[in-house]
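Secondary and tertiary structure notes
Listed here are the chains, written in short residue letters.
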Amino acid sequence: MTAPPEVTGSAADADPEAALQGMPKKAIQGRSLGQIAWLRLKRDKVAIAGAIVIALLILVAIAALLLDRVFDVVHPNEFHQDLIDTQNGTLAPLGTFGGMSGAHPLGIEPVNGRDILARIFAGSWISLLIATLATVLSVIIGTTMGIIAGFFGGWVDTLISRLMDVFLAFPLLVFAMALVGVLPDTAFGLSPEMVRIGLLIFIIGFFNWPYIGRIVRGQTLSLREREFVDAARSLGARGPYILFRELLPNLVAPILVYATLLIPTNILFESALSFLGVGINAPTATWGGMLSDASRFYTMPHFMLWPGLAIFVTVLAFNLFGDGLRDALDPRAR
Amino acid sequence: MTQHEDSLGGATPPRPASSGAPFLQVRELRVHFPTDDGVVKSVDDLSFSVDRGKTLGIVGESGSGKSVTSLSIMGLHKAGTARISGEILLDGQNLVGMAPDRVRQLRGKRMAMIFQDPLSAMHPFYTVGSQIVEAYRIHNKVTKAVARKHAVDLLDRVGIPNPKSRVDDYPHQFSGGMRQRAMIAMALSCDPELLIADEPTTALDVTVQAQILDLIRDLQAEFNSAVIIITHDLGVVAELADDIMVMYAGRAVEYSSAPDIFNSPQHPYTWGLLGSMPRLDRERTERLQPIKGTPPSLINVPEGCPFNPRCAYAGTNGDLSFTLRPEFRDVGGGHHIACHLGAEDRLRIWETEIRPKL
Amino acid sequence: MSTKTETGAANRRLGEDLLVATDLQKHFPIRRGLLQRQVGAVQAVDGLTFTVKRGETLSLVGESGCGKTTTGRLLTRLIEPTGGTITLDGRDITHLSSGAMRPLRRDIQMIFQDPYGSLNPRHTVGAIIGAPFRLQKVKTEHGVKRAVQDLLELVGLSPEHYNRYPHEFSGGQRQRIGIARTLALRPKVIVADEPVSALDVSIQAQVVNLMEDLQNEFDLTYVMIAHDLSVVRHVSDRVAVMYLGKIMEIADRTSLYERPMHPYTVALLSAVPIPDTSRRDNRERIRLTGDVPSPINPPSGCRFHTRCWKAQDLCKTTEPPLVELSAGHQAACHFPENTTKLTIDPTGAAGSAA
Amino acid sequence: MITYIIRRLFAAIVLLFVVSAVTFSIFFLMPKLLGASPETLATRYVGRAATADTVRETAERLGFYDPIYVQYLDWAKGIFVGADYSYGSGVEHCPAPCLGYSFRNNQPVFPDLIDRLPVTLSLAVGAAVLWLLGGVAVGTLSALRKGTIFDRAAMGISLAGVSLPIFFTGLLSLSIFSYNLGWTAVGGSYVPFLENPGEWAYNLLLPWITLALLFSAQYARLTRAGMLETMNEDFIRTARAKGLTERKVVVRHGLRGALTPILTIFGLDVGLLLGGAILTESAFSLQGLGKYAIDGITNYDLPKVMGVTILAAFFVVVANLVVDLLYAVVDPRVRAK
Amino acid sequence: GGGTSSSGGGTTGGSGGTNTPAFNAALTNIFNPSDKKGGIVKIANGGTWDSLDPGETYYGYSWNFLRLYGRSLVMFKPAPGGGSNELVPDLAEKLGEPSDGGKTWTYKLRKGVKYEDGTAVTSKDVKHAVLRSTDKETFPNGPAYFEGYLNLPDGYKGPYKSKDVNTDSAIETPDDSTIVFHLKAPFGGFDYFAQLPQTVPVPEAKDTGAKYREHVIATGPYKFDKNEIDKGFNLVRNDQWDQATDPNRKALPDGYQVSMNVNADDIDNRLISGDLDIDIAGTGVQPASLSRVLGDPALKANADNPTIARLWYTSINPTVAPFDNKACREAVEFAADRTGYQTAYGGAFSGGDIATTLLPPQIPGAQKFDLYPAGADNKGDVEKAKAKLQECGKPDGFETNISYRAERPKEKATAESLQQSLGRVGIKLTLKAFPQGDYFSQFAGNPPYVKSNNLGLIVNGWGADWNDGFGFLSQIVDSRVIRETGGSSNTSVRIPDVDKLLDEAIGETDKAKREAQWGAIDKRVMEEAVILPGVHAKSLLVRSKKLTNVFISEAYGMYDYLSIGVA
Ligand SMILES: Nc1ncnc2c1ncn2[C@@H]1O[C@H](COP(=O)(O)OP(=O)(O)OP(=O)(O)O)[C@@H](O)[C@H]1O
Ligand SMILES: Nc1ncnc2c1ncn2[C@@H]1O[C@H](COP(=O)(O)OP(=O)(O)OP(=O)(O)O)[C@@H](O)[C@H]1O
Ligand SMILES: [Mg+2]
Ligand SMILES: [Mg+2]
């Protein structure tokens, strides 16, 4: 649907000296590039705000997972139909603002009266888990393929590049929908829910790798021409050494940046799949699934608002952090 | 220090000479860049001047503020990034503080610039011709056809073969030397009175460099403009410049006529420069005489003389080198230096220690 | 600056042929069209023959794109030659596999042009200089770290720099790190690709001195690639002048600088700007016109004929062979400048004409 | 250049084959691997009261008994030479670019696709124009005023734009502007441009704006980054040194350079959008290709899905090709190769 | 009728009309009676027709609407309320005349009925129409009653494939206006078959098989003008239609404009604003509009709330352990929260009435009984359920799966609701969504799949093909319709008794006796606890203000599309 954000350059091709020109001599001593990036990042208030929100979200997600799954304190699927207007038949939450009350701070869902806060809370870990693991998958496949294509060149490159074209040409949503419909939902003795989560991670991760693959390939192509690769080779280094010890460390920065920017895309993707009805099975709460449910009740905007807001805040936080990270790792952006 | 007074009469002192005001006069120029890490004092208290028909060479190490100086004259620093103070008088008008649009009108017309890397300095998407035409038409209300003819003439003038057809080529279709010629053509399109060439030949091979230097020399003779040539290479200034200014850490450390600088340099940094380069015109020395250490940070310029950490003679005059910033002063015959060494010492060191080793 | 002994070149033991290139060629294919057929080749290096003697410094000079770097990469076997042979210490290494080449890499090492690009920005100085030990599985007496620190000291850096990253160093210091890395394996030959051209004059001198000192200390043989003729004169024993993938002239330093035979060498020398205002007007200048032709379609006959002021019809059709015109002085020209007239008149005396 | 285009086209055709083969496998091979027999597959298409005979006949008619590659080749053959289908009364010839007949309603797929193309095309093109103009303008201004309030606000808003799911903004805007305020047309009513341009635009306004909001946000960010980079290029300094007005420097020299990479992404986006406007079309219930794809999927109407997939992949490929060719037009350096 | 309190609707009874908008004003009366001709009726469909071909279409709204362009032998009377259940002759002069103990049925065609092209309709065309509809390969979606009951030659595959086969054993056409049907066995309700659109005549010369849907040759007062499959079509007046031959149709509007695949919420909004006249699906407003319509008295006054002969239910599969134990099934019946089920479907108005039986009340023979009382608040009898679990040997409950159609939010809500209410007694449900397109063929209707995947509960629904016990029950309680290859609607009722009872009832020629038997079957099935009834459907329809002559046809459970006019 959208092209991934282009990661421009990497810390590797920037001239770190230029960035450091004039720093007090003492201050630079013993600082790795990572530390410099961290110093820069620390100064970026917005990115830090994003990072804090992400950290909070992760805490919330873990807490939600524990409270819901282990301690069974949150009841995201519990019905409260006594709070629903069945009298008039409108099935809307009784009370104002979607049934907001002390017990249900964000109100309740129409029809079955489930607590929206509890569902958003419970949905947080799934959204984050899927997005993160799918990103990890994309990064692993993309990096491997990209680095191989870029490093070996020739027909290997051609083959992998064409493969990426094939993947990019696939209407991803169509495939996700088709696949989810066809594949079984029990496997490896896992619960259907876990299987579905795994499936979504696989689909999202597997179809997104060419984006990162392209970036890594491009970076590898340019890194490969750098003299330090020749230097390693002239010392008798073998292919794997050059790939993993010389090139990979230089790819970490762009990959990291891209990954933080891919996570929000994947969150949106997961919610899009849920919206199209091929996400996580009911009644498990996911943000996209809630949005999808809410779309049938557009006359009750509160229902749509909260999950929408949750997605928005998360995605925004990741984007802000990713942007900040990119700036920090790429001195040229300053 | 009078033994050099008979050197070339063209030497222009940095302060207004008796014979009318020079075309370009820079006074106490300071260009500071506030950054996250502190204020970068790229240019600090710099004064010099150039007359029409004369060439000033500026030499100095990388990062000594040469380019920043030239960009300040052209008014090309990005708005808001640089703090500029002092005066830059172009034909009597102060460019510092002048409305940006008025400076713009002067650019290209009265002052023009040639950059180091002609490939990146030209827009890759426009033909060479159209870039020259554009430069010409900003300041001259002429039709495209006329401007194009002008461009062809200029290309011809700077020695590009087949200018009629090459005018429609893109920069990447030119070789390095031709690109630099085209840059020069562009700079000359409005007959500027001041031409600044910032390392015009660093990216070029020796044989091509020689062609370009010849070209600049010839053109200057023809157009009678004031020229500033900035370079690392003492050889290049020796070929072109009437006067030479040596910069170190954002300041001028020595300024005099070209022969003066080469025959009787008086600043230890200049000595260092001369000593560190192998020379084709001298007998091969066994060892080069490098300047020790590395250039200072422009945020924390050393106390006293900025050159003191690298200077072999820093302690000669008591603590002065470490505490007092040496004044940039005329030591006779328009020869300016910024050094605490006494006149005797300088002469002695040059004659006995430095010169024999070169 | 770690200045060692002030030994002169004369003390060096000039010995037998250490590195021999015979008719060395490298053509980079150009592929086009539907089937990626090869339609031509960049003849980057096209038939180089030269020898490097043990302990000497041979410099390759020439204009940009004439194939200097390619030659260097061929000699170190970073790329596979298209033709010709390379022997290192009597052993033919022309087509050795990378595995077979690996142990030999100890003997031949390379210093790179770009002090910024040749050090992996993500590795510490320790890792960079220690890499050769690890890669070649060299046993060191007191461990790799000690060895690295010794090397750092040797090139004039502080052993405390062990854990620093390249970006914390200036260009000159980085070039020293690069030199330390090449020295780790105590190679016999070092191919140095423009080791100082990216440095400021004042720093350049430091590095040049260092390289000279190291050569004396370790009996190194250098193949120096450079384009600055003044530096070349300073560092080399013999000089080869390249033009469009071919050697135009090769001779020992004095002979070449004082009695250049090939017109191209003459032109090169005359184009070097001299930092002396007094010769501004009385220098005899030879100005070449135009640019170096493309190595894809090199001119027929003598490759230099398109820019040569002495070119005749013969030059367009017949390629002049590289022949020895006087002792140790070879040139590839039909009409060599075989005079005794010095192009450059050294101030003072004829003392240099030894 | 010509050989380049031919090579690209050739690669494109191969790509389309791979894409279609994979699609085919997902729909047929996967169920087969998971144990579905040809009859179970055919049960999908036989209605409520079919006898075993009918099921078998249907499976036969749809070719489910053939090996999967034969089925695929049969389908692929139709694209080049057309195909014949018998539906009761007689044999129907489906002419050359034949993407088959729907399993469900026996309509040929190709005309259907062509029929729906204008909707998606209008959606994509209209939105693209909006977002390109908006995004580039905002991005440029932001880059020029880097660090100012405007820059921060614009980038903040665009980040927000990127962070909102399209179906969320779509539904929300529908609910506000169309159902509640009645300012814009409600979804689902597409009027062909040639019939009534005004109505056409009026009906598509909201989808356009919604889509454009999302994309222009991205483009603003891309443009800003590109402009910041370009404005630091040496040739910009040269342009200034010539005495060009700032406006000309920005537009003629800056934007011209910065827009080239954006062009690539734009081409890809439009290509992808044409093939996959699924979300937008379902949010606004537009009868375009995306909706067609969803119909195909939910009804297991393989020919429809194959058709959309091929068309979508085709668009991506063509967009890529066009971008590459445009690149050569825009960037003379590329032309040389 | 329904058991809900219709607060707004005061007008009941009377065959006359009313012009005052009120809730349920068109339920049993004609609202805005008028004879004024002219105007175009604007119709929207949230989805698409299964087929416009009378031989293939199987949607209720389609049968209702089809009468505008096609005339079957017999039709439901276009009259408000219960009156619509009466069959009246249409193309035929009278209802069918049985002979041979109900094995042979004869119809005489009206004179002067013509196709839109002016040619006269003959009985051969009716025969052709019926025969072609038996070709299920060409017309997979249509009802299959004729091939099941007509005495067709063995291996007959329809007129396209079995071209020269003599079919007189099944249908005879002694002359152009007489048609005689021969059945394999007596069937008392054959007139219901004769009202199927499959008896709408199709001229053989113009029959294009599967493509006939693109242009159906009209016999009714309207014909197709422009028809874009799955997008929309227009009907215009058929000048060959003669009012004199047709006592049932008024043909008030000048034409109809139909668009398909319109966003459902959009349809509601346009209906409310008057921009649209009919939501053809007739299933009622979307949840979003529900609160709007019911919350606003003015809007509510323009709404009707008819009952539909449709049961939303959940199958309890005895093939899946522990449901092979009756007590375990009964535990589900008791534990289920009936109000929750009702709410899931949209509540009392839009969902329907809580069901305790299979047969909807409007079907003759339907009895009211409740074998598994769900407590005073209808939220399930937890105690009884627990007792039943004890009896079943699973005192702590058990785990099983419940399937539903992914595209149907109401089924999802049902599954969620059951998960909650059964969870109270320890029955843990895992929800499984399946794509609608494959629901019966691959998953919930595929017995091996059901068994191996433990689909203990299957959310399901069934509507009568016509308001008659046979039409309602035959497909969902007959174990013989269960196909091992999948594709049947019945998934859980495998009771030999019931099969027998069904056969008896079908053969029964006495209407009253037959109807009583339907009720008995219903009870028998409920006793086995293999079906958990949910709701007897109702829908909340918005009556567009511009319409005249509006009334609900109970036969179709929605507005009668034949009689509507526009002001
Ligand atoms: N915009 C800026 N912001 C901060 N520092 C700057 C800026 N521009 C230049 N500098 C600093 O000012 C100093 C002088 O730079 P300048 O480009 O004038 O050096 P130079 O003498 O031209 O060097 P070179 O020979 O390498 O071109 C450098 O340390 C540089 O890092
Ligand atoms: N990998 C390659 N593929 C194709 N052509 C190449 C490759 N490497 C070098 N060349 C070409 O070979 C020629 C010689 O290149 P080389 O780098 O050896 O020149 P050089 O003398 O080192 O130049 P410089 O002084 O600019 O470093 C050039 O024309 C270059 O473009
Ligand atoms: Mg500079
Ligand atoms: Mg090189």
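Residues numbered from 1 in each chain as written. Chains lettered and ligands numbered in written order. Predicted model: local features only at pLDDT ≥ 70, side-chain atom pairs only at ≥ 80, totals over all residues. Heavy atoms only, no water.

Here we take up the pattern of salt bridges. One pass over the structure, following the stated rule, counts 85 salt bridges over all chains. Two residues, Arg 224 of chain A and Glu 225 of chain A, come together in a salt bridge whose shortest N-O distance is 3.5 Å. Using a relative accessible area of 55% as the deciding quantity, one classes Glu 225 of chain A as exposed. Between Glu 147 of chain E and Lys 136 of chain E there is a salt bridge whose closest N-O contact spans 3.0 Å. Of this pair, Glu 147 of chain E sits in helix α3 (residues 145-149) while Lys 136 of chain E sits in the loop between α2 (123-133) and α3, placing them 11 residues apart in sequence. Taking the relative accessible area as the measure of exposure, Lys 136 of chain E reaches 4% and is therefore buried. Members of the salt-bridge network, linked through shared partners, are Glu 16, Arg 54, Asp 89, Asp 107 and Lys 188 of chain C. (Salt bridge = Lys/Arg side-chain N within 4 Å of Asp/Glu carboxyl O. Buried < 20%, exposed > 50% of the residue type's maximum accessible area, 1.4 Å probe, protein only. Helix = DSSP H or I, 4+ residues; strand = E, 2+ residues; numbered from the N terminus.)

This brings us to the sheet that holds strand β12 (residues 336-337) of chain B. With respect to topology, eight strands assemble into an open sheet ordered β6-β7-β8-β3-β9-β10-β12-β11 (chain B), the strand pairing being mixed. The strands lining the two open edges of the sheet, one partner per strand, are β6 (111-114) and β11 (329-330) of chain B. (Pairing = 2+ DSSP bridges.)

Moving on to empty space enclosed by the protein. Counted under the stated rule, the structure contains 19 cavities of 30 Å³ or more. Counted as a void, the largest cavity has a volume near 230 Å³. Every element with two or more residues in the lining of the largest cavity is listed here: α7 (287-295), α10 (338-344) and α13 (409-423) of chain E. The dominant element in the lining of the largest cavity, judged by the number of residues it contributes, is α13 of chain E, at five residues. When the residues that make up the lining of the largest cavity are grouped by side-chain class, the tally is 12 nonpolar, five polar and seven charged. Quantified by volume, the second largest cavity comes out at close to 140 Å³. Lining the second largest cavity are 17 residues; nearest its centre among them are Met 277, Pro 278, Arg 279, Thr 285 and Leu 288 of chain B. Residue assignment for the lining of the second largest cavity shows that the elements contributing at least two residues are α11 (268-276) of chain B together with α7 (229-235) of chain C. (1 Å grid on protein atoms, 1.4 Å probe; cavity = no way out; pocket = protein on both sides within 12 Å on 5 of 7 lines; lining within 4 Å. Points joined across faces, edges and corners; volume = space filled by probe spheres on them. Nonpolar A, V, L, I, M, F, W, Y, C, P; charged D, E, K, R; others polar.)

The subject of this paragraph is the nonpolar core. Within soluble globular proteins, side chains that are nonpolar generally end up buried alongside one another. In terms of nonpolar packing, the biggest core is built from 171 residues, with Phe 64 and Trp 131 of chain D touching the most fellow members. Residue contributions to this core peak at 13 residues, all from helix α12 (residues 301-329) of chain A. Apart from the residues within four sequence positions on either side, Trp 131 of chain D is in contact with Ala 124, Val 136, Ala 212, Phe 215, Ser 216, Tyr 219, Phe 266, Asp 269, Val 270 and Leu 273 of chain D. In terms of nonpolar packing, the next biggest core, distinct from the first, is built from 153 residues, Ala 129, Cys 328, Val 450 and Ala 505 of chain E among them. (Core = buried A, V, L, I, M, F, W, Y, C linked by side-chain atoms within 4.5 Å. Contact = heavy atoms within 4.5 Å.)

This part covers the sheet that holds strand β11 (residues 232-237) of chain E. Residue and element names in this part refer to chain E. Spatial strand order, β10-β11-β12-β3-β13: five strands in an open sheet with mixed pairing. Two strands bound the open sheet, and with one partner strand each, they are β10 (222-228) and β13 (278-279). In terms of strand pairing, strand β3 (residues 40-44) meets β13 through two bridges, oriented parallel. Each residue of the ladder has a partner; that of Ile 43, found in β13, is Ile 278.

This next bit is on the site of ligand 2. Residues and elements named next belong to chain C. Around ligand 2 sit Phe 28, Val 42, Ala 44, Ser 64, Gly 65, Cys 66, Gly 67, Lys 68, Thr 69, Thr 70, Glu 194 and Pro 295, and that is every residue in its neighbourhood. A distance of 2.8 Å is found between an oxygen atom of ligand 2 and a backbone nitrogen or oxygen belonging to Gly 65. A distance of 2.5 Å is found between an oxygen atom of ligand 2 and a side-chain nitrogen or oxygen belonging to Thr 70. Contact with the protein chains removes 62% of the 630 Å² of surface that ligand 2 exposes when unbound. The set of elements that each furnish at least two residues to the shell around ligand 2 consists of β2 (37-53) and α1 (68-75). Taken together, the residues of the shell around ligand 2 break down into five nonpolar, five polar and two charged. (Near = heavy atom within 4 Å. Polar contact = N/O pair within 3.5 Å; in protein donor to acceptor, adjacent residues only side chain to side chain. Areas by Shrake-Rupley, 256 points an atom, 1.4 Å probe, with all protein chains shown as cover.)

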